[in-house]
Amino acid sequence: HTGAIETPNAFAYNTIFVAIKNECVRVKPQPVSVRPPPNQTFAGSDQITMAPAAINTTVYAVDASTGKIKWKYFIDNTVIAGGCCMVSGRVVYFGDRDGRLYALDADSGILLWERRFNAIFSSPPSIGASLKGEMLLFVPVSGGPSAEIPGAIIALGLPSQEQATVNSYLTLGLLFIAAIASAVA
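Within any chain, residue numbers begin from 1 and follow the written order of that chain's sequence. pLDDT decides what is reported in this predicted model: residues at 70 or higher carry local features, side-chain atom pairs at 80 or more are listed and counted, and totals for whole chains, interfaces and linings draw on all residues regardless. Water and hydrogen atoms play no part in the side-chain values, which are based on all heavy atoms of the structure.

Participant: Hey, could you go over the packing of aromatic side chains for me, with residue numbers and the actual values?
Facilitator: Between 30 and 60 degrees the pair is tilted, below 30 it is stacked and above 60 it is edge-to-face, where a pair is any two Phe, Tyr or Trp rings, Trp via its six-membered ring, whose centres lie within 6.5 Å. Inspection of every chain in the model, using the stated rule, returns 4 aromatic pairs. Considering the side-chain rings of Phe94 and Tyr102, the 4.9 Å spacing of their centres and the 20° angle between planes classify their relative orientation as stacked. Here Phe94 falls in the buried class, since its relative accessible area comes to 0%. We call a residue buried when its accessible area falls under 20% of the maximum for its residue type, exposed when it is over 50%, and partly exposed in between, using a 1.4 Å probe and counting protein chains only. Residue class for Tyr102 comes out buried when judged on its relative accessible area of 2%. Here the aromatic residues Tyr73, Phe94 and Tyr102 are joined through ring pairs into a cluster of three or more. Whether a charge sits over a ring depends on NZ of Lys or CZ of Arg being within 6 Å of the ring centre and within 35 degrees of the ring normal. Between Arg90 and the ring centre of Tyr13, over which it is positioned, the NZ or CZ distance is 3.9 Å.

This is the structure in structure tokens:
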């Protein structure tokens, strides 16, 4: 069992938030069925093929003072793509390669909500404010084989500080989707 950290970490509330991905493969030697290109040779008589095995991600919250794990959140059959994590208002936000956006309670690791989008998360989410001062969660996504849009920035409204409860995060509303592809083209 091996893992890798391939995304940026986050630090908030004296806690380090990090995602460890496992994307294991089985390696199997196979007879070489093609000739090497001119002036090149293969390193042996076998060609290596890889078959997917376990794929999963675990998000950890680590106490920065003690190094002890405070909590962990396991996600099976997918990996976090683009970046983990963004933390604000005691909520940890991240997206996976299958197009799901997650919000976890930063103190307990309990899932507050999960929302599916038909796009791949290409970068960590960020927080910003509208001209009216409304807090927004910005989530960049990219296209992929199952994507309905070629690329977008999804902006989700966040509850005000006075409304920041678990229930208010469950009613998070989609404000707009702006397609990047058309803006760049």
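Participant: Describe empty space enclosed by the protein, listing the residues and the values that go with them.
Facilitator: The method is simple in principle: a probe with the dimensions of a water molecule rolls over the atoms, and the space it marks as empty is what remains. A pocket, in this scheme, is an open set of points on a 1 Å grid over the protein atoms alone with protein on both sides within 12 Å along at least 5 of 7 lines, while a cavity is a set where a 1.4 Å probe fits but cannot get out; residues line either one if an atom lies within 4 Å of a point. Grid points are joined across faces, edges and corners, and a volume is the space filled by probe spheres set on the points. The full count for this structure, using the stated rule, is 1 cavity of 30 Å³ or more. Here the largest cavity is characterised by a volume of approximately 40 Å³. Lining the largest cavity are Ala4, Glu6, Thr7, Ala19, Ile20, Lys21, Thr57 and Ile80. Broken down by element, the residue count for the lining of the largest cavity peaks at 3 residues, all from strand 2 (residues 15–31). Any residue outside Ala, Val, Leu, Ile, Met, Phe, Trp, Tyr, Cys, Pro, Asp, Glu, Lys and Arg is labelled polar, Gly included; the first ten of those are nonpolar and the last four are charged. Split into classes, the residues belonging to the lining of the largest cavity amount to 4 nonpolar, 2 polar and 2 charged. Segments assigned H or I by DSSP are reported as helices when at least four residues long, segments assigned E as strands when at least two residues long, and all are numbered from the N terminus.

Participant: Describe in detail the pattern of salt bridges, supporting the description with residues and values.
Facilitator: Working definition: two side chains of opposite charge can pair if their charged atoms are close together. Between Lys or Arg on one side and Asp or Glu on the other, a salt bridge is scored when a side-chain nitrogen of the former is within 4 Å of a carboxyl oxygen of the latter. Scanning all chains against the criterion turns up 4 salt bridges. For the salt bridge of Arg90 with Asp107, the shortest nitrogen-to-oxygen distance reads 2.9 Å. Of this pair, Arg90 sits in the loop between strand 5 (80–88) and strand 6 (91–96) while Asp107 sits in the loop between strand 7 (100–105) and strand 8 (111–116); the two residues are 17 residues apart in sequence, bridging distant segments of the chain. Note on Asp107: relative accessible area 40%, which makes it partly exposed. For the salt bridge of Arg100 with Asp96, the shortest nitrogen-to-oxygen distance reads 3.2 Å. Both residues of the pair, Arg100 and Asp96, count as buried. Residues joined by salt bridges that share partners form a network here, namely Asp96, Asp98, Arg100 and Glu114.

Scope: geometric values only; no functional claims are made or implied.
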